[in-house]
Amino acid sequence: DESGKPVRMVGAAQDITARKEAEEERRLSDEQYRLLFHKSPIPKLIFEPNSFQLVAANEAAVNTYGYAITDLLKLTILDLVSEEEHTSFSGAFQGCCNVTNCPSAYSRHRKKDGTLFYVDMCRQELAFKGKRHYLVSVIDMTEKLRLQQKLIEEKVTAQKEVARIIIDTQEKERSVIGKELHDNVNQLLT
């Protein structure tokens, strides 16, 4: 009107329900990823396959390797693998570049303090930030391998003990048989 107050409104409305639902679905998906990756009790690392540069790590990986997250992400995956295994490690990933899932493999990794430990490493190719990367799950196998070695040693010890008992029993049996034969021959001679 003449005083500048609006007397009518013209507008358009658009149904954005589908967009809002898609945004909510994406938010939930991002939350699930965050929980699956970051809160997993299994150490997980994501690295770029050409440079082996680490691009993401979860809390369990930080705790396992002993690095702060910022320091860990400055490293390559080869910095975590023992020097003796660099060549075989690099070759394993290059030979597996067109496969989405590769079998797990044992290797030795190095913690920040220099401690070497055995891991079962399962890798999977994935798209991360629009590029091809690898997700690696690392399970510390040091204790399991130590227990397996102890079990093997106990089995060997038990087998040695059984063999010793068998030999002792055979020797006693032969001794008894020998005495019986000796006594019997002496009686016949007498």
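Heads up: the structure comes first, above all this text.
Computed from a predicted model, the values in this text were never measured in an experiment. Counting restarts for each chain: residues are numbered from 1 in the order of the written sequence. Totals for whole chains, interfaces and linings use every residue, but because this is a predicted model, local features are given only for residues with pLDDT of at least 70 and side-chain atom pairs only at 80 or more, for both listing and counting. Note that water and hydrogens are dropped before the side-chain values are worked out from all heavy atoms of the structure.

Chemist: Can you help me understand the side chain of Ser-82 in this one?
Modeler: Counting through the fold element by element, Ser-82 comes out in the loop between α3 (69-72) and α4 (86-94). Ser-82 gets classed as buried once you look at its relative accessible area, which sits at 0%. Dropping the residues within four chain positions of it, Ser-82 is found in contact with Arg-108, His-109, Arg-110 and Leu-116. Secondary structure elements follow DSSP: runs of H or I no shorter than four residues count as helices, runs of E no shorter than two count as strands, and numbering proceeds from the N terminus. The cut-offs for exposure are 20% and 50% of the maximum accessible area for each residue type, with area from a 1.4 Å probe on protein chains only; residues under the lower value are buried, those over the upper are exposed, and the others partly exposed. Contacts are residue-level and defined by heavy atoms, with any inter-residue pair within 4.5 Å sufficient.

Chemist: Could you clarify how one ought to interpret the nonpolar core in this entry?
Modeler: Grouped burial of nonpolar side chains is what soluble globular proteins tend to show. We call a set of buried Ala, Val, Leu, Ile, Met, Phe, Trp, Tyr and Cys residues a nonpolar core when their side-chain atoms join them within 4.5 Å. In terms of nonpolar packing, the biggest core is built from 22 residues, with Leu-45, Leu-54, Tyr-65, Leu-72, Ile-77 and Leu-80 touching the most fellow members. Of all the secondary-structure elements, those providing two or more residues to this core are β1 (44-47), β2 (54-57), α2 (59-65), β4 (116-128) and β5 (131-140). Not counting the four nearest positions on each side in its chain, Leu-80 is found in contact with Leu-45, Leu-54, Tyr-65, Tyr-67, Leu-72, Leu-75, Arg-108, His-109 and Arg-110. Counting five residues, the second-largest nonpolar core is a separate cluster that includes Phe-37, Ile-46, Phe-128 and Leu-135.

Chemist: Which parts of the structure should I look at to understand the pairing of β1?
Modeler: Both faces of the sheet carry side chains from a regular strand, because those side chains alternate between them. Of the two faces of β1, both are covered, the one formed by Lys-44 and Ile-46 as well as the one formed by Leu-45 and Phe-47. Sheet topology note: the β1/β5 ladder contains four bridges and is antiparallel. In the sheet register, Leu-45 faces β5, and the bridge partner there is Val-136. Looking at chain direction, β1 and β2 are connected through three bridges and run antiparallel. Of the residues in β2, the one forming a bridge with Phe-47 is Leu-54. Criterion used throughout: strands pair if DSSP finds at least two bridges between them. Hairpin connection of β1 to β2: six residues between the antiparallel strands, including Phe-52 at a positive phi of 65°.

Chemist: Can you help me understand unusual backbone geometry in this one?
Modeler: One can expect most non-glycine residues to show negative phi and most peptide bonds to be in trans. With a phi close to 65°, Phe-52 is a non-glycine residue in the positive phi region. Relative to the assigned elements, Phe-52 resides in the loop between β1 and β2. We note that Lys-129 has phi near 55°; this positive angle belongs to a residue other than glycine. Here Lys-129 lies in the loop between β4 and β5. For Lys-129, a relative accessible area of 72% gives the class exposed.

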